[in-house]
Amino acid sequence: MPDSHTGLRRKYCRTEAGSLTIPMGYRKIAADLHARIQQGEYPPESRLPTYAELARLYSASVSTVQRAVMLLQAHGIIVGVQGAGLYIAATPAT
């Protein structure tokens, strides 16, 4: 959906009802992933979906999702294993 001021497409998060809501920047994606981890949707040492799957989930670009994941990695919440994927840390930082 183009922004009325710039004419550029903006990324949005879909609610359960399917309506468009708040634009999802990498910080909001990181906050949502962190909340899902804290709520137990992704338990410690479990594998996260791929960047492409997360990008589809959040209606965002892969690079935006990568930035969100890098933010969580910097805080010790997610661990990236080269060639194996992304995992929740054994004892995620809160």
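Just so we're clear, the structure is a prediction, and the values are computed from it rather than from any experiment. (Residues numbered from 1 in each chain as written. Predicted model: local features only at pLDDT ≥ 70, side-chain atom pairs only at ≥ 80, totals over all residues. Heavy atoms only, no water.)

Enquirer: Can you help me understand the nonpolar core in this one?
Expert: Here is a general trend for soluble globular proteins: nonpolar side chains tend to be buried in one another's company. Grouped together as the largest cluster of nonpolar side chains are 19 residues, with contacts concentrated most on Leu33, Leu48 and Ile78. When contributions to this core are tallied by element, the ones reaching two or more residues are α1 (26-38), α2 (51-58), α3 (62-74) and β4 (85-88). In this structure leucine 48 touches Leu33, Tyr42, Ile78, Leu86 and Ile88, once residues within four positions along its chain are discounted. (Core = buried A, V, L, I, M, F, W, Y, C linked by side-chain atoms within 4.5 Å. Buried < 20%, exposed > 50% of the residue type's maximum accessible area, 1.4 Å probe, protein only. Helix = DSSP H or I, 4+ residues; strand = E, 2+ residues; numbered from the N terminus. Contact = heavy atoms within 4.5 Å.)

Enquirer: Quick question: what am I supposed to make of the pattern of salt bridges here?
Expert: When charged atoms on two side chains of opposite charge get close, those side chains can pair. For the coordinates displayed, the defined rule picks out two salt bridges. For arginine 36, the salt bridge identified is with aspartate 32, shortest N-O distance 2.8 Å. Here aspartate 32 and arginine 36 lie together in helix α1, a separation of four residues that amounts to about one turn. Taking relative accessible area as the criterion, aspartate 32 reaches 26% and is therefore assigned partly exposed. Linking arginine 36 and glutamate 41 is a salt bridge whose minimum nitrogen-to-oxygen distance equals 3.1 Å. Here glutamate 41 falls in the partly exposed class, since its relative accessible area comes to 45%. (Salt bridge = Lys/Arg side-chain N within 4 Å of Asp/Glu carboxyl O.)

Enquirer: I would appreciate a short explanation of the packing of α1 against α3 in the present structure.
Expert: How two helices sit against one another is set out by the angle between their axes and by the gap between those axes. The contact between α1 and α3 brings their axes to 8 Å, and the two run at 55°. Viewed along their axes, α1 and α3 adopt a mutual orientation that is oblique. Remark: the crossing between α1 and α3 carries right-handed chirality. Here Tyr26, Ile29, Ala30, Leu33 and His34 of α1 lie close against α3, whose contacting residues are Thr64, Arg67, Ala68, Leu71 and Leu72. Residues that form the contact of α1 with α3 fall into these classes: seven nonpolar, two polar and one charged. (Axes fitted to C-alpha atoms, helices over the stretch in contact; angles between N-to-C directions. Parallel < 35°, antiparallel > 145°, perpendicular 65-115°, else oblique. Left-handed = near helix turned anticlockwise from the far one by under 90°. Nonpolar A, V, L, I, M, F, W, Y, C, P; charged D, E, K, R; others polar.)

Enquirer: So what exactly am I meant to see when it comes to the pairing of β4 here?
Expert: As a general feature of sheets, a regular strand has side chains that alternate between the two faces. By the bridge criterion, four bridges tie strand β3 (residues 78-81) to β4 in an arrangement that is antiparallel. Paired with valine 81 across the bridge in β4 is glycine 85. In textbook terms, the turn of a hairpin is the stretch between consecutive antiparallel strands, and for β3 and β4 this stretch comprises three residues, one of which, glycine 83, has a positive phi near 85°. (Pairing = 2+ DSSP bridges.)

Enquirer: I would appreciate a short explanation of the packing of α1 against α2 in the present structure.
Expert: Look at α1 against α2: their axes get within 12 Å of each other, and the N-to-C directions meet at 105°. In this view, α1 runs roughly perpendicular relative to α2, as classed from their interaxial angle. Counted together, Ile29, Asp32, Leu33 and Arg36 of α1 and Leu54, Leu57 and Tyr58 of α2 form the full contact between these two elements. Looking at the contact of α1 with α2 residue by residue, the classes come out as five nonpolar, no polar and two charged.

Enquirer: Please clarify how the packing of aromatic side chains should be interpreted in this entry.
Expert: Centre-to-centre distance and the angle between the planes together describe a pair of aromatic rings. In the structure shown here, the tally under the stated rule is zero aromatic pairs. One cation-aromatic arrangement involves arginine 67 over tyrosine 26; the distance from NZ or CZ to the ring centre is 4.0 Å. (Phe/Tyr/Trp six-rings, centres within 6.5 Å; stacked < 30°, edge-to-face > 60°. Lys NZ or Arg CZ within 6 Å of the ring centre and 35° of its normal.)

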